[in-house]
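What follows is the residue order along each chain.
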Amino acid sequence: MVRNAERERTEVRAALGALGDVAARRTAALAAKEAWVVAAGADGAAELGRLATEVGTSRGELAELHEVVRAAERAEQALTGAVSHLDGASNWAAYDTFGGGGFLSDMMKREKMDQAVVLMRDADEALRALTRELGDLGQEGVGGIASDSLEDMFDVWFDNIFSDWSVMNRIGEARDRVRAALGAVGQVHQGAAERAAALEARLAELGEQRERLLTGA
């Protein structure tokens, strides 16, 4: 009985293999019928044309939205890292200003600030890319976070209470800008993701409508 079951399973697999790619053949058959209906101007030709136009437009927008999402993700990653390093730099700057500081705290503060500047520069580049992608959709960009001006300021280093206070304030200002940009990018990301999901659902509906027209189901 076991051998019979195995033989039957083998025969079924062979039969299925002989059928080939059924889904691909079905897709090709539907495409051929669609081309014939449209070319002949048969019943449903106008509706098939309308569906094809909407599908093309929706797919184009969906591709642009995917680019927006990817650009937003890159910007969010860099901005999140920059906030983390600015938080660390702020803590060390406060220790420098109010706790006496010293060589070690200066070095730690500088390291955190240097790392934050690198990530902010990456974020500015990602924000510019995001702005370009949003422009393709006719939307406004998020704007940058002026990482170059911050880098120039960090290159000026004096070890006294006045410069420590100034550096701490500038770190706070930079952190505020980065957090504001992170919030704006988050909104763009969420909006693009929601719109993409809606378009994917709409494309599925259009596909079902096309299939019903072609199969008469």
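What counts and what doesn't
Residues numbered from 1 in each chain as written. Predicted model: local features only at pLDDT ≥ 70, side-chain atom pairs only at ≥ 80, totals over all residues. Heavy atoms only, no water. Helix = DSSP H or I, 4+ residues; strand = E, 2+ residues; numbered from the N terminus. Buried < 20%, exposed > 50% of the residue type's maximum accessible area, 1.4 Å probe, protein only. Contact = heavy atoms within 4.5 Å. Areas by Shrake-Rupley, 256 points an atom, 1.4 Å probe, with all protein chains shown as cover. Salt bridge = Lys/Arg side-chain N within 4 Å of Asp/Glu carboxyl O. pLDDT = per-residue confidence, 0-100. Core = buried A, V, L, I, M, F, W, Y, C linked by side-chain atoms within 4.5 Å.

**Describing the overall build of the chain**
Thinking step 1. Regarding its fold elements, the chain presents six helices and zero strands.
Thinking step 2. Reading the chain from its N end, one meets helices and strands in the order α-α-α-α-α-α.
Thinking step 3. Evaluated residue by residue, the chain yields a buried proportion of 31% over its 217 residues.
Thinking step 4. Expressed as a percentage of contacts within the chain between residues at least 6 apart in sequence, the contacts between residues at least 24 apart total 78%.
Thinking step 5. Total accessible area on the chain stands at roughly 12,900 Å², and carbon and sulfur atoms take up 55% of it.

**Focus on the pattern of salt bridges**
Thinking step 1. Here the structure, examined in full by the defined rule, presents six salt bridges.
Thinking step 2. A salt bridge links R202 to E54; its shortest N-O distance comes to 2.7 Å. Highlighted residues: R202 in helix α6 (residues 161-215) and E54 in helix α3 (residues 45-98), separated in sequence by 148 residues.
Thinking step 3. For R70, the salt bridge identified is with E67, shortest N-O distance 2.5 Å. Of this pair, R70 and E67 are both found in helix α3, three residues apart, which corresponds to roughly one turn of the helix.
Thinking step 4. By relative accessible area, E67 is classed as partly exposed at 30%.
Thinking step 5. One network of salt bridges, with partners in common, ties together E47, R50, E54, R202 and E205.

**What to know about the confidence of the model for the chain**
Thinking step 1. With 66% of its residues at a pLDDT of 70 or more, the chain has an overall mean of 76.
Thinking step 2. The secondary structure element of the chain with the lowest average pLDDT is helix α5 (residues 147-154), at 54, and the one with the highest is α6, at 85.

**Structural notes on the nonpolar core**
Thinking step 1. In terms of nonpolar packing, the biggest core is built from 34 residues, with L79, L86, M120, L130, I145, V178 and V185 touching the most fellow members.
Thinking step 2. Contributions of two or more residues to this core are made by α3, α4 (103-136) and α6.
Thinking step 3. With 14 residues, the single largest contributor to this core is α3.

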